[in-house]
Amino acid sequence: MSTPARKRLMRDFKRLQHDPPAGISGAPQDNNIMLWNAVIFGPDDTPWDGGTFKLTLQFTEDYPNKPPTVRFVSRMFHPNIYADGSICLDILQNQWSPIYDVAAILTSIQSLLCDPNPNSPANSEAARMFSENKREYNRRIREIVEQSWTAD
Amino acid sequence: MRNKEPVLDDGEVEYEAGPESCWGNFEDDDVMQQQFSIQDDEAKKFPFVGDKEPLSSLAAEYQSGSPILLEKIKVLDQQYAAIRRTRGDGNCFFRGFMFSYLEHVLEAQDSAEIDRIKANVERSRNALQTLGYPELTFEDFFTLFLEQLEDVIQGKETSISPEELVLRSRDQSVSDYVVMFFRFVTSAEIQKRSEFFEPFIMGLSNTTVEQFCKSAVEPMGEESDHVHITAISDALGIPIRVVYLDRSSCDTGGVSVNHHDFIPAAGDLPSARGSSEKNNPFITLLYRPGHYDILYPK
């Protein structure tokens with residue numbers, strides 16, 4: 001059945017195919033437009049460079065009035081990402097607005113990688129390391145990047 | 001002799017808040033979030049838009065409360081016939097504005113007004129495009145509003161009654177889309193005239209105009225202030241009267257109720273029905289700190 005949420009997601013998908021922002025890709029799973037797989041590539045010239053991080057986006061019929069549930073499938077080490085892969089990002093919670101389509105969501109998450117918000121730690125170890133020991137922090141990021149190549 | 005307390009590990013306590021509360025990093029924020037969620041649940045018990053009620057229902061709320069407010073409600077009672085409440089979910093201004101405007105169009109059946117508003121809606125659409133908003137993110141909201149506008153015009157197969165308008169305003173799939181439409185129009189107007197709005201926004205939130213729109217206009221549930229009201233009134237060319245019911249009083253004796261008319265900046269006002277009435281707002285909202293309801297003049 002074609003609901004407003006599904007119609008909108010088709011247009012999100014078309015835009016992502018025809019006009020993909022650099023370093024992200026995403027597509028609905030076969031037979032289920034409400035569940036997407038996506039990949040975010042670590043931005044060049046940062047410790048994240050070379051990483052390929054997989055995510056899932058679960059939409060409801062309330063989309064775009066409500067945000068999708070976005071979760072990293074790849075293992076992450078980041079001040080604003082929980083151990084289960086869920087992400088602490090204002091636009092995915094209380095600052096959500098329908099102006100964000102899938103391309104914009106993924107772009108925002110990509111910029112969060114290099115630009116963590118230390119005021120809302122989801123991983124306190126990563127948050128502490130980010131502010132107190134950047135060298136060790138960057139080493140942990142490199143580990144995560146390497147893991148992203150091998151893990152399923 | 002005191003019992004030995006078990007010695008607590010001196011290490012830092014790590015708070016790992018759940019995703020629901022992660023934008024707050026201390027316990028206080030968790031408590032606040034919980035408070036918000038209780039308020040949310042309370043708000044949901046009330047429909048988006050209530051039934052028309054006599055002003056005595058307003059007085060009943062303050063029966064054992066402030067005498068100033070009761071005096072002011074007496075003054076209101078002389079000028080206004082009824083109140084229609086809106087849900088206190090942060091969208092009350094836009095929701096009240098939506099209902100009040102569509103109800104006005106339904107009653108007035110003024111085709112010039114409909115043409116005028118459609119032209120302004122198109123101007124807002126162009127403004128969003130110019131600002132670089134992808135069409136797909138706002139077109140559904142525009143379409144749905146224009147459909148409501150068409151449907152309140154009588155004499156067609158799709159025409160709706162006043163009762164149906166109430167039902168639609170309570171239906172989330174219509175009501176939230178129209179509220180969001182107004183949020184888009186408001187955001188476009190503020191950004192289009194950012195030089196004009198900048199000082200007001202700096203005074204309110206000390207952020208850039210763009211940041212203000214992203215954080216205080218475009219997300220659902222963000223409350224409206226005079227910046228939002230000025231912007232929507234200007235963008236659509238619709239005058240709005242806001243009546244203030246608060247504890248302020250003046251020394252000169254008699255109690256009076258203040259109001260402020262938001263008159264669109266552009267010369268583009270609803271069609272003149274005799275010049276004296278030209279600027280008379282047909283939308284009246286009652287403001288109590290933090291909330292807007294609809295008022296019906298006598």
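Residues numbered from 1 in each chain as written. Chains lettered and ligands numbered in written order. Predicted model: local features only at pLDDT ≥ 70, side-chain atom pairs only at ≥ 80, totals over all residues. Heavy atoms only, no water.

Residues and elements named next belong to chain B. Mapped onto this numbering, the UniProt entry annotates "site: Interacts with free ubiquitin" (unreviewed entry) at Tyr244, Asp246, Tyr287 and Tyr292. Their sequence span is 49 residues, while the largest C-alpha to C-alpha distance among them is just 12.3 Å; these annotated residues converge on one region. Relative to the helices and strands, Tyr244 is located in strand S3 (residues 240-244). Exposure remark for Tyr244: the relative accessible area of 24% places this residue in the partly exposed category. Dropping the residues within four chain positions of it, Tyr244 is found in contact with Val257, Asn258, His259, His260, Phe262 and Tyr287. Locating Tyr292 in the fold gives a position in strand S6 (residues 291-297). You can call Tyr292 buried: its relative accessible area is 7%. (UniProt positions renumbered as here; feature names shortened; annotations may be inferred. Helix = DSSP H or I, 4+ residues; strand = E, 2+ residues; numbered from the N terminus. Buried < 20%, exposed > 50% of the residue type's maximum accessible area, 1.4 Å probe, protein only. Contact = heavy atoms within 4.5 Å.)

Going from A:Tyr63 to A:Pro64, the amide bond is cis rather than trans, its omega being 0°. One non-glycine residue, B:Asn206, adopts positive backbone phi at about 55°.

Below, the discussion takes up the UniProt feature "domain: UBC core" (unreviewed entry) in chain A. The positions UniProt marks with the feature "domain: UBC core" (unreviewed entry) are residues 4-150 of chain A. With 37% helix and 18% strand, the stretch residues 4-150 of chain A has end C-alpha atoms that lie 38 Å from each other.

Residues and elements named next belong to chain B. The UniProt record annotates "active site" (unreviewed entry) at Asp89, Cys92 and His291. The named residues occupy 203 residues along the chain; their greatest pairwise C-alpha distance, 9.0 Å, places them in one compact cluster. Among the structural elements, Cys92 can be located in helix H4 (residues 92-108). Among residues more than four places away in sequence, those in contact with Cys92 are Thr86, Arg87, Gly290, His291 and Tyr292. Of note is the side chain of His291, whose polar atom sits 3.1 Å from the backbone oxygen of Thr86. (Polar contact = N/O pair within 3.5 Å; in protein donor to acceptor, adjacent residues only side chain to side chain.)

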